[in-house]
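Notes for the structure review
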Amino acid sequence: MAGGSENDDVLEVSPSHNEADEAESMLKGQAEIWGHMFAFADSMALKCAVELRIDDIIHSHGRPITLSQITTCIDSPSPDIANLDRIIRFLVQAKIFTTAAPPGGGETLYGLTPASKWLLHDGELSLAPAIIMNMLDFGQLD
């Protein structure tokens, strides 16, 4: 290495613009396929909320309520609180429910959004029956 710098031995390889575009395109394509593969989770969580009447429970209280309050109103001898919490948090991310911190701390409060009001069973323009009808129970296809 007479007269040369240390960096002369380092070969810098930077992907060409086309290769970077191709890599980004492939990554976006993969993300799109993953999105399609797991899209059923949205509709299944929505169906669970409709069947458990979570919207109706919150609406009947006239204000946002806690998970504990929702659980006590579900018509089931022992609802799985951990899974119910996951479903509700998933639907919060989907903007079906809202969350609020109660004044003074405590459990998160869950409320309705304009979208969730379409899921009320007794609503004049309810989409709840359509959700239940459109979501086949594949266990009944045998």
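Since we're looking at a predicted model, the values are computed, not measured.

Here we take up unusual backbone geometry. For Arg53, which is not glycine, the phi dihedral falls at a positive 60°. For Arg53, the location among the structural elements is in the loop between helix H2 (40–52) and helix H3 (54–61). Not every positive phi belongs to a glycine, and Lys95 is a case in point at roughly 65°. Here Lys95 lies in the loop between helix H5 (81–93) and strand S2 (97–100).

Counted at 1.5 Å a residue, the expected span for H2 with its 13 residues is 18 Å, and the 18 Å between its end C-alpha atoms agrees. Listed as buried for H2 are Ala45, Lys47, Ala49 and Val50. In this structure, the buried side of H2 is in contact with H3, H5, S2 and helix H6 (128–134). One or two residues past the end of H2 sits Arg53, with phi positive at roughly 60°.

Quick look at H5 now. With 13 residues, H5 ought to run about 18 Å at 1.5 Å a step, and its terminal C-alpha atoms sit 18 Å apart, in line with that. The set of residues buried in H5 consists of Leu84, Ile87, Ile88, Leu91 and Val92. The arc enclosing the buried residues of H5, seen along the axis, measures out at 140°, which places them on a common side. Buried residues along H5 sit in contact with H2, H3, helix H4 (67–73), S2 and strand S3 (109–112). The N-cap residue of H5 is Asp80: its side-chain oxygen and the backbone nitrogen of Ala82 are 3.2 Å apart. Within two residues after H5, Lys95 carries a phi angle of roughly 65°, on the positive side.

Thresholds applied
- Residues numbered from 1 in each chain as written.
- Predicted model: local features only at pLDDT ≥ 70, side-chain atom pairs only at ≥ 80, totals over all residues.
- Heavy atoms only, no water.
- Helix = DSSP H or I, 4+ residues; strand = E, 2+ residues; numbered from the N terminus.
- Expected span 1.5 Å × (residues − 1).
- Buried < 20%, exposed > 50% of the residue type's maximum accessible area, 1.4 Å probe, protein only.
- Contact = heavy atoms within 4.5 Å.
- Arc of directions from axis to C-beta.
- Polar contact = N/O pair within 3.5 Å; in protein donor to acceptor, adjacent residues only side chain to side chain.

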